[in-house]
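Observations on chain architecture
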Amino acid sequence: MVEELTPAAVHERIEGDAAFDLIDIRDDDAYEDNHLPTAEHVTVEELEETVVDRDWADEVVVYCYVGQTSVQAARLVEKYGNADSVASMAGGYEAWEPAVDPATD
């Protein structure tokens, strides 16, 4: 079962300069509009094509719009990738600002 991390936990990892892959699987326009700091954009289609061949960090966190598709993508990385730990960000991008900076809500 894929672990789900809160946006606050992901924020702590980013701020702490933790070495991990942060993967944004939303569509191109959403990523270009805004994304989490250090996030790499990899669509689900690209992920399916490259998951086996990619050299993953020990820890991987995947996020989408609301945290549902990212669970499926994280399972894909968990099963076929070489990461030690794979998680999905609970609530997805929509939960990021309210959790990390409630003043923007």
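Residues numbered from 1 in each chain as written. Predicted model: local features only at pLDDT ≥ 70, side-chain atom pairs only at ≥ 80, totals over all residues. Heavy atoms only, no water.

1. Focus on the sheet that holds strand β2 (residues 21–24)
Here five strands make up an open sheet; going across it, the order is β1-β5-β4-β2-β3 and the pairing parallel. The open sheet terminates on both sides in strands that have one partner only, identified here as β1 (3–5) and β3 (40–41). Pairing between β2 and strand β4 (residues 59–63): four bridges, direction parallel. Residue pairing for β4: L22 is matched across the bridge by V61. Along the sheet, helix α4 (residues 69–80) makes contact with β1, β4 and β5 (85–89), crossing β5 at roughly 170°. (Pairing = 2+ DSSP bridges. Helix = DSSP H or I, 4+ residues; strand = E, 2+ residues; numbered from the N terminus. Contact = heavy atoms within 4.5 Å. Axes fitted to C-alpha atoms, helices over the stretch in contact; angles between N-to-C directions.)

2. Section: the side chain of D21
In this structure, D21 sits in strand β2. Polar contacts involving the side chain of D21 include one to the main-chain amide nitrogen of A57, which spans 2.9 Å. Beyond its immediate sequence surroundings of up to four residues, D21 is in contact with R54, W56, A57, E59, V60 and V61. (Polar contact = N/O pair within 3.5 Å; in protein donor to acceptor, adjacent residues only side chain to side chain.)

3. What about helix α5 (residues 92–100)?
Turning to α5, its buried residues number three or more, namely G92, Y93 and W96. When α5 is viewed along its axis, its buried side chains cluster within an angular range of 115° and face the same direction. Residues of α5 that are buried in the fold lie against α1 (7–15), β4 and β5. (Buried < 20%, exposed > 50% of the residue type's maximum accessible area, 1.4 Å probe, protein only. Arc of directions from axis to C-beta.)

4. A short note on the packing of aromatic side chains
One pass over the structure, following the stated rule, counts one aromatic pair. The cationic tip of R26 hangs over the ring face of Y65; the distance from NZ or CZ to the ring centre is 5.9 Å. We note R26 situated over the ring of Y93; from NZ or CZ to the ring centre the distance is 4.2 Å. (Phe/Tyr/Trp six-rings, centres within 6.5 Å; stacked < 30°, edge-to-face > 60°. Lys NZ or Arg CZ within 6 Å of the ring centre and 35° of its normal.)

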